[in-house]
There are 2 protein chains.
Amino acid sequence: MAATTVAAEWKTLVLKALQKNRSVANARYMQIATVRPDGRPANRTVVFRGFLEDSNMVTFITDARSSKVEEIKSNPLAEICWYLPNTREQFRLSGRLSLVGQEPDAPPHMAQGRTKVWVGMSDPARAQFMWPDPGLPRTLPLEAWDGVVPPTPDSIPPDTFLLVAMEVATVDHLLLKANQRFVYARSAQADVTAAVADSSVWDKVEVNP
Amino acid sequence: MAATTVAAEWKTLVLKALQKNRSVANARYMQIATVRPDGRPANRTVVFRGFLEDSNMVTFITDARSSKVEEIKSNPLAEICWYLPNTREQFRLSGRLSLVGQEPDAPPHMAQGRTKVWVGMSDPARAQFMWPDPGLPRTLPLEAWDGVVPPTPDSIPPDTFLLVAMEVATVDHLLLKANQRFVYARSAQADVTAAVADSSVWDKVEVNP
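In this text the structure is predicted, and so the values were computed from the model without any measurement. (Residues numbered from 1 in each chain as written. Chains lettered and ligands numbered in written order. Predicted model: local features only at pLDDT ≥ 70, side-chain atom pairs only at ≥ 80, totals over all residues. Heavy atoms only, no water.)

Novice: Sorry, what's going on with the overall build of chain A here?
Specialist: Helix and strand counts for chain A come out as 5 helices and 9 strands. Secondary structure elements of chain A, listed N to C terminal, follow the sequence β-α-β-β-β-α-β-β-α-α-α-β-β-β. Taking 2.2 N^0.38 as the reference for a compact globule, 209 residues should give roughly 17 Å; the C-alpha atoms of chain A span a radius of gyration of 18 Å, in line with that estimate. Based on the C-alpha atoms only, the size of chain A along its principal axes is roughly 60 × 40 × 35 Å. Across the 209 residues in chain A, those meeting the buried criterion constitute 52%. Pairs at least 24 residues apart make up 66% of the contacts formed inside chain A by residues separated by at least 6 positions. Surface exposure of chain A reaches about 9,500 Å², of which carbon and sulfur atoms provide 56%. The distance from the centre of the 23 positive side-chain charges to the centre of the 23 negative ones in chain A is 6 Å. (Helix = DSSP H or I, 4+ residues; strand = E, 2+ residues; numbered from the N terminus. Rg over C-alpha atoms; globule rule 2.2 N^0.38 Å. Buried < 20%, exposed > 50% of the residue type's maximum accessible area, 1.4 Å probe, protein only. Contact = heavy atoms within 4.5 Å. Areas by Shrake-Rupley, 256 points an atom, 1.4 Å probe, with all protein chains shown as cover. Lys, Arg positive; Asp, Glu negative; His and termini not counted. Charge placed at Lys NZ, Arg CZ, Asp CG, Glu CD.)

And the structure:
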């Protein structure tokens, strides 16, 4: 079957799936795989924080002290696996990750995206970035965590707060209810410099589930 | 905090978590990350098919024609990310995968484990192993899939049916409700030749969440 070219149809399908799964508390949880510096794969749950502005970039957040940051610096390639239970569909989003901190030379739309997520977060989520180093042996009692005063939404985000944005290259969309599977790949015809969704062109192929 | 040695406590915790999440249809869905031959990570959902016999090996199944099989052959290291929504906990299980088909030299407990899963599967799940090559461009109409007569439970499993078993090396257990996180690593003291759970010894450390 010949590939057809489409705008970022998969993005529309992700947004539609989120809408249909809004009753599920963890519908925004995605699993992201990276490769460790020693070559072993790593995999953990992150929370989808929306598409970056008008782009196709998928965002989540991380603590700068998390081991995934070192992994991403040594190898920015990643694959997100995102299963949505109500609609019984899976998106596999593969691409390259960028880390966005408060370095002054960050692209403005990325710096803005980071601030926007910080402002929109819950108090407990913001407080986590003031916690002791994640992954290090625990030396403080449980109460120490509860005692952290969360930074306010209008505070400057701490150095520990990073936005991570994936430039998606391929999407594998599996629909278990319909037994259908579609693969989208960024077309060679795509204008890779464009930040706006509708301007990039994707090849779409239906494959055997 | 010094590490303490424990039997495979994490296995007990996995079984307990499954019990507490039994009302969730997809509680047995896990995401497994591998590394592709070109070095990019891959990530997809699989269904937990139990521990292999009395061991700590985590099993799932795959179609021999799936691209993950080539990936596992070129690099057997993998990490499972398993999020359980009711109890809001995550297990990250890292280790080495073995593929079990019908080769005559497969270890007997693995060959038996494969047959046991085949017998216990639903008809639709068994039928999938008779479908056209997964991942190849679709050339047949949807109806062709419905027309596949599922093999019976007592049939010899087809060549396409593989059991995959992970020899777990480390476990990272995150409890979001309690803000606690524990890391288990197979102890250097462990008898790695033993197939029985209780005989292996694990180091356990509490770390910052």
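Novice: Can you walk me through the relation of the copies chain A and chain B in this structure?
Specialist: Think of it as a corkscrew move, a rotation about one axis and a shift along it, taking one chain copy to the other. Mapping chain A onto chain B is achieved by rotating through 180 degrees and translating by 0.0 Å along the same axis, at an RMSD of 0.0 Å. Accordingly, the operation relating the two chain copies is best matched by a two-fold axis. Considering only C-alpha atoms, the part of chain A nearest the rotation axis is alanine 33 of chain A, at 2.9 Å. Looking at the interface residues of chain A, 100% of them are also at the interface in chain B, so both copies use one shared face. (Least-squares fit on C-alpha atoms with pLDDT ≥ 70 in both.)

Novice: Teacher, can you tell me more about the state of the cysteines here?
Specialist: Among covalent bonds in proteins, the disulfide is the one between the sulfur atoms of two cysteines. One pass over the structure, following the stated rule, counts 0 disulfides over all chains. Residue cysteine 81 of chain A stays outside any disulfide, its sulfur separated by 9.5 Å from that of cysteine 81 of chain B, the closest cysteine. Given the relative accessible area of 0%, cysteine 81 of chain A is considered buried. (Disulfide = S-S within 2.5 Å.)

Novice: Got a minute to help me understand the interface of chain A and chain B in this structure?
Specialist: Bring the parts together and some accessible area is lost; that lost area is often taken as the interface size. On the side of chain B, 49 residues touch chain A, which itself brings 49 residues to the contact. Taken together, the two surfaces of chain A and chain B that pack against each other cover about 4,000 Å², and 51% of this comes from carbon and sulfur. When the buried surface of chain A facing chain B is broken down by residue, Asn43, Arg138 and Asn208 of chain A rank first, second and third, together holding 18% of it. Where chain A meets chain B, there are 4 salt bridges. Among the ionic pairs, arginine 36 of chain A bridges to glutamate 79 of chain B, the shortest N-O distance being 2.3 Å. Between chain A and chain B we count 21 residue pairs in polar contact (both at pLDDT 80 or more) in total. (Buried area = accessible area lost by both parts, 1.4 Å probe. Salt bridge = Lys/Arg side-chain N within 4 Å of Asp/Glu carboxyl O. Polar contact = N/O pair within 3.5 Å; in protein donor to acceptor, adjacent residues only side chain to side chain.)

Novice: I keep staring at the packing of aromatic side chains and nothing clicks. Help me out?
Specialist: Two aromatic rings are characterised by how far apart their centres lie and by the angle between their planes. For the structure on display, the rule yields 18 aromatic pairs over all chains. Ring centres of tryptophan 118 of chain A and phenylalanine 129 of chain A lie 6.3 Å apart, and the angle between their planes is 70 degrees; this geometry places the pair in the edge-to-face category. One end of the pair, tryptophan 118 of chain A, is in helix α3 (residues 108-120); the other, phenylalanine 129 of chain A, is in the loop between α4 (123-127) and α5 (143-146), and 11 residues separate them in sequence. Across the pair, phenylalanine 129 of chain A and tryptophan 118 of chain A agree in class, each one buried. Put simply, the rings of Trp10, Phe48, Phe51, Trp82 and Trp202 of chain A touch in pairs and so form one group of aromatic residues. Cation over ring: arginine 126 of chain A sits above tryptophan 118 of chain A, and NZ or CZ is 5.9 Å from the ring centre. Over the ring of phenylalanine 51 of chain B we find lysine 11 of chain B; its NZ or CZ atom is 5.0 Å from the centre of that ring. (Phe/Tyr/Trp six-rings, centres within 6.5 Å; stacked < 30°, edge-to-face > 60°. Lys NZ or Arg CZ within 6 Å of the ring centre and 35° of its normal.)

Novice: Hey, could you run me through empty space enclosed by the protein in this one?
Specialist: Over the atoms, a rolling probe the size of a water molecule traces out where space has been left empty. One pass over the structure, following the stated rule, counts 1 cavity of 30 Å³ or more. For the lining of the largest cavity, the secondary-structure elements that each account for two or more residues are β2 (29-35) of chain A together with β2 (29-35) of chain B. When grouped by side-chain class, the residues that make up the lining of the largest cavity number 6 nonpolar, 4 polar and no charged. (1 Å grid on protein atoms, 1.4 Å probe; cavity = no way out; pocket = protein on both sides within 12 Å on 5 of 7 lines; lining within 4 Å. Points joined across faces, edges and corners; volume = space filled by probe spheres on them. Nonpolar A, V, L, I, M, F, W, Y, C, P; charged D, E, K, R; others polar.)

Novice: Any chance you could explain the pattern of salt bridges here in plain terms?
Specialist: If charged atoms from side chains of opposite charge come close, those side chains can pair. Tallying each qualifying case throughout the model produces 23 salt bridges over all chains. The salt bridge involving aspartate 63 of chain A is made with arginine 65 of chain A; its shortest N-O contact spans 2.8 Å. You can call aspartate 63 of chain A buried: its relative accessible area is 10%. Sharing partners across several salt bridges, the network here consists of Glu79 and Arg92 of chain A together with Arg36, Arg44 and Glu71 of chain B.

Novice: What is the right way to read helix α1 (residues 9-20) of chain B from this model?
Specialist: Turn by turn, an α-helix covers 3.6 residues, leaving residues three or four places apart pointing in a common direction. Residues and elements named next belong to chain B. Taking 1.5 Å of rise per residue, the 12 residues of α1 would be expected to cover 16 Å, and the 17 Å separating its terminal C-alpha atoms lies within 8% of that figure. Of all the positions in α1, only Trp10, Lys11, Val14, Ala17 and Leu18 are classed as buried. One side of α1 holds all its buried residues, which, seen down the axis, span an arc of 120 degrees. Close packing links the buried residues of α1 with β5 (77-84), β6 (89-100), β7 (161-175), β8 (180-186) and β9 (202-207). (Expected span 1.5 Å × (residues − 1). Arc of directions from axis to C-beta.)

Novice: Please clarify how a positive patch on the surface should be interpreted in this entry.
Specialist: Residues Lys16, Lys20, Arg88 and Lys177 of chain A make up a contiguous surface patch of positive charge. Residue placement: lysine 177 of chain A occurs in the loop between β7 (161-175) and β8 (180-186). (Patch = residues over 30% accessible without salt bridge, like charges linked within 9 Å, V, L, I, M, F, W, Y side chains within 5 Å.)

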